[in-house]
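Chain residues, written in single-letter form:
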Amino acid sequence: MASLSDGRLIHRRLGNPSRYLENCVLKMYCACESFRDAEKLFDEMLEKDVASWGILISGYSQKGRLKEAFRLCTRMIELGIGLNSTVFTNLLKSLSDPSVLEIGEQLHSLIIRTGLSTNVSVITAISNMYVKCRQLQRAKLVFDQMVETNAVAWTGLMMGYTRAGKQKDALALFIRMLKEGVEMDQFVFSITLKACSGLEYLNLGRQIHGYIVKLGLESDVSVGTPVVDLYIKCSCFDSARRAFKRISEPNDASWSAIITGYCQIGEFEKSLQIFRSLRLKDMAVNSFIYTSIIQACSALADYNMGAQAHADAIKRGLVSYVHGESAMITFYSKCGRLDYANQAFESIDEPDTVAWTAIICGHAYHGNASEALKLFRRMQSSTARPNEVTFIGVLTACSHSGLVMEAKLYLESMSREYGVDPTIDHYDCMVDAYARAGLLQEAYELVKNMPFEPDAMSWKCLLGGCWIHRNLELGEIAAENLLQLDPDDTAGYILMFNLYGSHGKWDEAARVRSVMGARKLKKELSCSWITVKGKVHRFVVGDKHHPRTDDIYRKLKELNCSVTDVESIHLTEEDVSFGLPERKQLLMEHSERLAIAFGLISVPNNVPIVIFKNLRACKHCHDFAKHVSMVTGHRITIRDSCRFHHFHLGKCSCDDYW
């Protein structure tokens, strides 16, 4: 109970205690970390035995006070009192860092001289000491010389191999255990399964799982949880779900594993549902769960739930300093709150590569190229080093803002200055930068001459640029190559359909539609959503199911009357899905227009309207949002499938470069 006052009271009433009782009092003072009382009692003891010395040495060593522990050892040796196996074991257990390796070596030498090197508990402690000091070769040498081994020795060495990323060596030890008939406990299986997870050895993992079932251990949480984690790492979620259900009492690690699994397969709503259930039942949660939930909220752009989870994690001190802070930056960026993302980033004392990358990418996708590149220059002055993903963010920032030459320089400097080899994804970003800027021939030449075989994205970036700049000749080449690589890519057909339509080539456009029909391909239905007072309101094209439909269309009609671009409408992606290009009225009922109209009748003037869309915004709805921001004074933010657009007083943050 760590009740020092009660312990002192009882100590005073003992009278003349026996040596056994004095040792009990000594142990109590050590447990309560009152070493002043412990030392005073120890010095006053008339008859100290080896156990008395061992208790005080153990107390100091367990609390990391190695100087005091070894001072007592020196006194024992000077007094000619032999150190026993318990003292050595406790001292060795306290040596858990490479900085104390030399002390460990001296202890090892002393143990050999005192003839205790054959003691199983002592030699096991020596092996584990070398493991913790990251001397795996020495640990293995000690282990191999053991006359008699136990599960603790095997487990310690296996854990050392796993932590050092040597999972194959850990599995080799497991095979030896099987062959030598060593009795196994749940910790052995736990470490073995973690090694299988790290290597994604599904077949071996399944065999070990079968052995666990035979032994009747699958309901044990320390074994069941690594089984769940194995199947999730190997993308076998159904097996993971079944294994989870067999755990009798899941703990926070078990729940974290299954929540991660749901996020991995895209069932974000299910992961949030589990989290809400855990919180309602006041069950134990950990920092990994909060990180997964924040990532789920990022994917769903669920600002309310994510902000609540963030506040809850802060209150409980469960924000992971490894991944949690970076997840917060990404979450706020994806929810349109770049101000909060900046706050989360600036609150980190020493941002790592992941944190720098998250904030750079956040600004890139919000169209803040200058800020993204400024942050990259700050990163260069820090200890963090950019990685492949960092450069994706940098190149995206350049691409979305027309900074073609800057993108080219960054691509060329990756390997030379930063030791990061460009991948096909980086070259695709460069193709995109050329294509968006109208440098279509340069984009085409890069696709043909880059050091990788072009992938579907390479040709799609080029095709997108051809659609923006109405280049039919190159567009046909890009579409042909794209659809050869990915014949089920609906975007390729739609872009080509739109391109033919913009040139009045309706026969060719019809052939594209017929190919889509023959392949039974349908474009994903456009959907936009807005959160008002904690409730999400979703809209599709021509939606009339909302309770306030009449008010929405009344507001929309009022806004449309002031828009003069109706007669200049070209075919858009959403119209294609209906197959009625002549029905320009559909444009007036696009999903984001409905969401904007609902926002205007539901949100106060001083509150920004924030809308999310699953597909890319069309030009006319982009112009419509600019017009609405000008005539109403409302700030409007729309996140489409590519980036954020911030509209204010008739202008967009992308400067129409999108």
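Residues numbered from 1 in each chain as written. Predicted model: local features only at pLDDT ≥ 70, side-chain atom pairs only at ≥ 80, totals over all residues. Heavy atoms only, no water.

Q: Got a minute to help me understand the overall build of the protein in this structure?
A: Secondary structure assignment for the protein yields 35 helices and 6 strands. Whereas a compact globule of 658 residues would reach a radius of gyration of roughly 26 Å, the protein reaches 33 Å, over 25% beyond that. Judged by the C-alpha coordinates and their principal axes, the protein covers about 105 × 55 × 50 Å. Taking all 658 residues of the protein together, the buried fraction comes to 50%. Long-range pairs, those at least 24 residues apart, make up 62% of the contacts in the protein between residues at least 6 apart in sequence. Measuring between centres, the 76 positive side-chain charges of the protein sit 4 Å from its 76 negative side-chain charges. (Helix = DSSP H or I, 4+ residues; strand = E, 2+ residues; numbered from the N terminus. Rg over C-alpha atoms; globule rule 2.2 N^0.38 Å. Buried < 20%, exposed > 50% of the residue type's maximum accessible area, 1.4 Å probe, protein only. Contact = heavy atoms within 4.5 Å. Lys, Arg positive; Asp, Glu negative; His and termini not counted. Charge placed at Lys NZ, Arg CZ, Asp CG, Glu CD.)

Q: Just to check I follow, could you spell out the domain arrangement of the protein for this structure?
A: Many authors give the size of an interface as the accessible area that is lost as the parts come together. For the protein, the assigned domains are domain 1 (431–519) and domain 2 (528–565 + 581–652). Summarising the inter-unit geometry, the C-alpha centres of domain 1 and domain 2 are found 29 Å apart. (Domains from an automatic or database assignment.)

Q: Help me out: how do you make sense of the state of the cysteines in this one?
A: Under the counting rule described, the total for this entry stands at 0 disulfides. For the unlinked cysteine Cys 32, the closest cysteine sulfur is that of Cys 30, found at 9.5 Å. No disulfide involves Cys 133; its sulfur sits 16 Å from the nearest other cysteine sulfur, which is in Cys 73. Relative accessible area serves as the criterion here: at 1%, Cys 133 is assigned to the buried category. (Disulfide = S-S within 2.5 Å.)

Q: Just to check I follow, could you spell out the UniProt feature "repeat: PPR" (unreviewed entry) in the protein for this structure?
A: As recorded in UniProt, the feature "repeat: PPR" (unreviewed entry) lies at residues 49–83, 150–184, 251–285 and 352–386. In residues 251–285, the share of helix is 74% and the share of strand is 0%. The end C-alpha atoms are 8 Å apart. In this annotation, residues 352–386 is assigned 71% helix and 0% strand; the end-to-end C-alpha distance for the span is 10 Å. (UniProt positions renumbered as here; feature names shortened; annotations may be inferred.)

Q: Just to check I follow, could you spell out the environment of Gly 336 for this structure?
A: Its location among the elements puts Gly 336 in the loop between α20 (324–334) and α21 (338–346). C-alpha separation for the pair Gly 336 and Phe 612, spaced 276 residues apart in sequence, amounts to 9.3 Å. In contact with Gly 336, not counting residues within four places along its chain, are His 366, Phe 644 and His 646.

Q: Whenever I open this one, the nonpolar core confuses me. Can you help?
A: Nonpolar side chains in soluble globular proteins tend to be buried together. Among the nonpolar cores identified, the biggest contains 175 residues, and Val 228, Ile 258 and Ile 329 are the most heavily contacted of them. The greatest single-element share of this core, amounting to 8 residues, is contributed by helix α26 (residues 424–436). Setting aside residues no more than four positions away along its own chain, Ile 329 makes contact with Ala 341, Ala 344, Phe 345, Ile 348, Ala 355, Ala 358 and Ile 359. If you look at the next biggest cluster of nonpolar residues, it comprises 24 residues, including Ile 596, Phe 598, Phe 624 and Phe 647. (Core = buried A, V, L, I, M, F, W, Y, C linked by side-chain atoms within 4.5 Å.)

Q: Looking at this structure, how should I read the side chain of His 546?
A: By the element assignment, His 546 lies in the loop between β2 (535–540) and α32 (549–560). A distance of 2.9 Å separates a polar atom in the side chain of His 546 from a polar atom in the side chain of His 537. Sequence-distant contacts of His 546, that is, excluding residues within four places in its chain, are made with His 537, Phe 539, Ile 552 and Phe 598. (Polar contact = N/O pair within 3.5 Å; in protein donor to acceptor, adjacent residues only side chain to side chain.)

Q: It is not clear to me how unusual backbone geometry should be interpreted in this structure. Could you clarify?
A: Glycine aside, a negative phi is what most residues show, and trans is what most peptide bonds show. The phi angle at Glu 200 is positive, at roughly 55°, despite the residue not being glycine. Mapped onto the secondary structure, Glu 200 falls in the loop between α12 (186–199) and α13 (202–214). The phi dihedral of Ala 301 falls on the positive side, at around 55°, and the residue is not glycine. By the secondary structure assignment, Ala 301 is in the loop between α18 (287–300) and α19 (303–315).

Q: Would you mind showing me how to read the packing of aromatic side chains here?
A: Aromatic rings in a pair are described by how distant their centres are and how their planes are angled relative to each other. What the rule picks out here adds up to 21 aromatic pairs. Pairing Phe 345 with Trp 356 gives two aromatic rings, centres 4.8 Å apart and planes at 65°, and the pair type is edge-to-face. Placement of the pair is Phe 345 in helix α21 and Trp 356 in helix α22 (residues 353–365), with a sequence separation of 11 residues. An identical accessibility class is assigned to Phe 345 and Trp 356; each is buried. Where Tyr 444 meets Trp 459, the ring centres are 6.4 Å apart and the plane angle is 55°; that geometry is what we call tilted. With Tyr 444 in helix α27 (residues 440–449) and Trp 459 in helix α28 (residues 456–468), this pair connects stretches of sequence that are 15 residues apart. For Tyr 444, a relative accessible area of 14% corresponds to the buried category. Residue classification places Trp 459 among the buried residues on the basis of a relative accessible area of 7%. (Phe/Tyr/Trp six-rings, centres within 6.5 Å; stacked < 30°, edge-to-face > 60°.)

Q: Sorry, what's going on with the pairing of strand β5 (residues 644–648) here?
A: Side-chain positions along a regular strand alternate between the two faces of the sheet. Pairing geometry for strand β4 (residues 636–639) and β5, over 4 bridges, is antiparallel. Paired with Thr 637 across the two strands is His 646, which belongs to β5. Here β5 folds back onto strand β6 (residues 651–652), and the loop between the two strands holds 2 residues, one of which, Leu 649, carries a positive phi near 50°. (Pairing = 2+ DSSP bridges.)

Q: Mind showing me how you'd approach the side chain of His 622 here?
A: On the secondary structure map, His 622 appears in helix α35 (residues 619–632). Among the polar contacts listed, one links the side chain of His 622 to the side chain of His 645, at a separation of 3.5 Å.

Q: Mind showing me how you'd approach the pattern of salt bridges here?
A: Any two side chains of opposite charge can pair, given that their charged atoms come close. Applying the stated criterion across every chain, the model contains 33 salt bridges. Taking the shortest distance from any N to any O, the salt bridge between Asp 282 and Arg 316 comes out at 3.7 Å. Taken together, the positions of Asp 282 in the loop between α17 (268–280) and α18 and Arg 316 in the loop between α19 and α20 put the pair 34 residues apart, joining distant regions of the chain. Overall, Asp 282 belongs to the exposed group, its relative accessible area being 56%. (Salt bridge = Lys/Arg side-chain N within 4 Å of Asp/Glu carboxyl O.)

Q: Honestly, the pairing of strand β1 (residues 527–532) in this entry has me stumped. Any pointers?
A: Of all 6 residues making up β1, 5 are buried, and the element is well covered by its neighbours. When β1 meets β2, the two strands line up antiparallel, connected through 6 bridges. Bridged to Ser 528 within β2 is Phe 539. The pairing of β1 with strand β3 (residues 609–613) spans 3 bridges and is classified as antiparallel. Bridge assignment links Ser 528 to a residue of β3, and that residue is Lys 613.

Q: Is there a simple way to think about the packing of helix α6 (residues 85–94) against helix α7 (residues 101–113) in this case?
A: For any two helices packed against each other, the geometry comes down to the angle between their axes and how far apart the axes lie. For the pair α6 and α7, the least separation of the axes is 11 Å and the interaxial angle reads 160°. Taken together, α6 and α7 sit at an angle that is classed as roughly antiparallel. As α6 runs across α7, the sense of the crossing is left-handed. Two secondary-structure elements touch here, α6 through Phe 88, Leu 91 and Leu 92 and α7 through Leu 107, Leu 110 and Ile 111. A class-by-class count of the residues in the contact of α6 with α7 yields 6 nonpolar, no polar and no charged. (Axes fitted to C-alpha atoms, helices over the stretch in contact; angles between N-to-C directions. Parallel < 35°, antiparallel > 145°, perpendicular 65-115°, else oblique. Left-handed = near helix turned anticlockwise from the far one by under 90°. Nonpolar A, V, L, I, M, F, W, Y, C, P; charged D, E, K, R; others polar.)

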